[in-house]
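Geometric and topological summary
Each chain, letter by letter, is given below.
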Amino acid sequence: MDPMALVTQYNLLQNGPPEESKLATYMKRQNNASPQSSLYSTLSKNYSNLDINQSSVSMKKAVDNFQASIPTVDFVPRNLVSSLNNPDGPSMYAKDKSQPIQAYQKNVNGTTYFYPPDTNGSNQPNGNIFDDPSGYLPMPSVESPTSSLYAQDDLRRDLLHRNALSMASPDSDRWPDLPETIEDYHDVYPLDIYGHSSKILSYSTSTYRATYSKTGEKCCLKRIHGFRLTITKYAPLIEAWKKINHANIVQLKDVFITKAFNDTSLMFIFNYHPDSESLQTRHFNSNETMNGYNDPFSSDPNAPRPYSHTKNAILRHQHSNGLLSENTLWNYAIQLSSALRVIHGSGLALRGLCLNRVLVTGHVNNRARLRINCVAITDILINDMASSNMIGHFQQEDLTDFGKLLLALACRSLIAVHQDNLATSIDLMARSYSSDIRNIIRYLLSTQRRHITELMPMIGARFYTQLDAAQNHSDNLENELSKEMENGRLFRLLVKLGSINERPEFNLDPAWSETGDRYMLKLFRDYLFHQVTEDGRPWLDMSHIVQTLNKLDSGSSDTICLYSRDEKTILVVSYQELKHCLEQSYCEIASVAASDDHIKAE
């Protein structure tokens, strides 16, 4: 960078902008404690020891200090500030002059304006954009010309991926013993990784996806191998769990015993949520897995020891896994507390809340949906009929397990939740998180009698943050749905138009599509898709196509001029007339297609 430019900037910071400049006028309207005052004081301090003859290393350090001191204020584009602070991205202070600058800047009467490059890649603004008298032109967002017509790419990609998972078919060579149907469920597909079954208590389990024959709904089937007891006595308990329909609980649909696997298997039917993973899979390494948490007294010499090595082990896990943001922890805490509130309010207990039983759907933490999985399984497998008299005790255990789950996430270590490590873990957690989240975990892990509703005032106004995020996400989804709804409407028009244009023969008339109303629709097709520029290049304008189709669908009275390709035929018609031609021609095709009488050529 030119050292004289730094000196010029230093003089500007010492003397301030010219009084007649728009920047000075804008700054006068700011409060005395505005970020600009701290900007000038910081920059003055950074440049106080700057010398023109200093070495390139010192010069680079001064430039770095200048970049780091730029706050994100109203008249500085945020994406430019982020590029200045990004050592790996393009920068206006980069040594490599061939590196592209992310924004074009121009000084007008003392005010610097920032603009993105135009579509040709140059850094020159388009049009007369410096005529705004406000003194501040916000940096416009750069969007695709068709971004308002289609759903967002990431949303579309997620939905397509989930749909693909829902439609996957099993490999008969890999699973030769897989039954075709299980009672009223068909299209059975194993969900266990590599076909390996897991364990719940002393029972082996497997998980499948299947389609319910009566409704076509995709369901998740949890199979308990070799279950030899009856479930008749658990009918009231099963019905109570089936009534719980909550956003953060995987709903239980049915429970029955089947012999489809050539044994007596107990089947739990749940709602199916594709592309989900457990909290442990998402946030912890696979080598830390052991029934949800590590055993501190394991005979494995590689297992972390719970005493002298505990703090170092937890810190090592934090460093390798990375800390979760506090917003993510609050998001998880609010969702899980909401689910426990409904469960406890129904007179039930979860009995065994751990990282493996909580599913996560969504790839962004702020939008991640948690769902408690495998409800009611523990109640039946333990076979403890006296449990109804101990619901209060089990609910207290749920709260303790909830506290351990949050502590494990905060420390990013599974050994943090063992009894001998709790004090150390809470102390380490307090270094990175606020006292509010620490107080909630302490309350959940305390020995006093607790109640899930007592967490509500401890969470406080953070409920509103999550509510706002959920509502904004809902609004965004509705907006994306409206785009696809409009696309579906226009797609139906194109289907009708494509069924008529260039049809080689209809009712033994090979010229049917070239005469009468169909010829007018052919010229309209050329007007819609085949226009060219003055120099003969194809003219591609999505807005023209969408606007024209909308007018056609509404039957607008606006008129358009249609030309034949040899320019010997010119028609001036309205969209209303074109719509009538389209509907009449398509109805003619549809009536013949639905008729049982087939016209055959002689």
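Along each chain, residue indices are assigned from 1 in the same order as the chain's sequence is written. Side-chain atom pairs in this predicted model are given and counted only at pLDDT of 80 or more, local residue features only at pLDDT of at least 70, and totals for whole chains, interfaces and linings cover all residues. Each side-chain value is worked out from all heavy atoms of the structure, with water and hydrogens disregarded.

The protein has the name PAN2-PAN3 deadenylation complex subunit PAN3 in an unreviewed UniProt entry, where Acyrthosiphon pisum is given as its organism. UniProt positions are given in the numbering used here, feature names are shortened, and annotations may be inferred rather than shown by experiment. Recorded under Sequence similarities (unreviewed entry), the UniProt text for the protein is reproduced unchanged: "Belongs to the protein kinase superfamily. PAN3 family." Of the comments in the UniProt record for the protein, the one headed Subcellular location (unreviewed entry) reads "Cytoplasm, P-body".

When helices and strands are tallied, the protein shows 19 helices and 14 strands. By definition, residues are in contact when any of their heavy atoms lie within 4.5 Å. Pairs at least 24 apart in sequence give 63% of the contacts found in the protein among residues at least 6 apart. By element, 50% of the accessible surface of the protein is carried by carbon and sulfur atoms, the whole surface being about 34,000 Å². Runs of E in the DSSP output that reach at least two residues are strands. Runs of H or I that reach at least four are helices, and both are numbered from the N terminus. Here, Shrake-Rupley sampling with a 1.4 Å probe gives the accessible areas, and only protein chains in the shown set may cover a residue.

This part takes up the packing of aromatic side chains. Each pair of aromatic rings taken from Phe, Tyr and Trp, with Trp reduced to its six-membered ring, is defined by centres within 6.5 Å and is described as stacked if the planes are under 30 degrees apart, edge-to-face if over 60, and tilted in the remaining cases. Scanning the entire structure with this criterion turns up 8 aromatic pairs. Pairing Trp-175 with Tyr-189 gives two aromatic rings, centres 6.2 Å apart and planes at 65°, and the pair type is edge-to-face. You can see Trp-175 sitting in the loop between helix H6 (153-167) and strand S3 (181-182) and its partner Tyr-189 sitting in strand S4 (residues 185-190), a full 14 residues away along the chain. Relative accessible area serves as the criterion here: at 19%, Trp-175 is assigned to the buried category. The structure contains a cluster of three or more aromatic residues connected by ring pairs, namely Tyr-185, Tyr-212 and Phe-256. Note on exposure labels: buried denotes an accessible area under 20% of the residue type's maximum, exposed denotes more than 50%, and partly exposed covers the range between, all computed with a 1.4 Å probe on protein chains only.

For patch building, the residue pool is restricted to those with more than 30% relative accessible area and no salt bridge; the joining distance is 9 Å between like charges and 5 Å between nonpolar side chains (Val, Leu, Ile, Met, Phe, Trp, Tyr). Only one rule defines a salt bridge in this text: a Lys or Arg side-chain nitrogen within 4 Å of an Asp or Glu carboxyl oxygen. Among the surface-exposed residues, Tyr-563, Ile-570 and Val-572 lie close enough to one another that they form a single nonpolar patch of about 310 Å² accessible area. Considering the arrangement of structural elements, one finds Ile-570 in strand S14 (residues 570-574).

Turning next to helix H12 (residues 391-411). Multiplying 1.5 Å by the helix residue count minus one yields the expected span of that helix. Helix length check: H12, at 21 residues, gives a terminal C-alpha distance of 30 Å against a target of 30 Å (1.5 Å per residue), a fit within 8%. One or two residues past the end of H12 sits Arg-412, with phi positive at roughly 55°.

A word on the packing of helix H17 (residues 516-529) against helix H18 (residues 542-554). Contact geometry of H17 with H18 gives a least axis separation of 9 Å together with a crossing angle of 145°. Residues Phe-524, Tyr-527, Leu-528 and Phe-529 of H17 pack against His-544, Ile-545, Thr-548, Leu-549 and Leu-552 of H18. Interaxial angle, 0 to 180 degrees, is taken between N-to-C directions of lines fitted to C-alpha atoms, where a helix line uses only the stretch in contact.

Before going further, it helps to examine the sheet that holds strand S11 (residues 358-361). Taken in spatial order, the 3 strands of this open sheet run S10-S11-S12, and their pairing is antiparallel. Either end of the sheet is taken by a strand with one partner, and the two such strands are strand S10 (276-278) and strand S12 (369-372). Between one strand axis and the next, the sheet turns by 35° as a mean value, whatever way the strands run. Should DSSP find at least two bridges between two strands, the strands are regarded as paired. In the sheet, S10 pairs with S11 via 3 bridges, with the strands oriented antiparallel. Of the residues in S11, the one forming a bridge with Ser-278 is Leu-359. Relative to S12, helix H10 (residues 326-345) is tilted by about 35°, and along the sheet it contacts S11 and S12.

With respect to the element layout, Asp-192 can be found in the loop between S4 and strand S5 (198-200). Lys and Arg are tallied as positive, Asp and Glu as negative. Neither His nor the chain termini are counted. Despite being buried, Asp-192 has no salt bridge partner; Lys-222 is the closest side chain of opposite charge, sitting 5.3 Å away. For Asp-192, the side chain forms a polar contact with the main-chain nitrogen of Thr-207, separated by 2.7 Å. If we ignore the near neighbours within four places in the chain, the residues touching Asp-192 are Thr-205, Ser-206 and Thr-207. Here a polar contact means two N or O atoms within 3.5 Å. Within protein one must be a hydrogen donor candidate and the other an acceptor candidate, and residues neighboring in sequence count only if both atoms are side-chain atoms.

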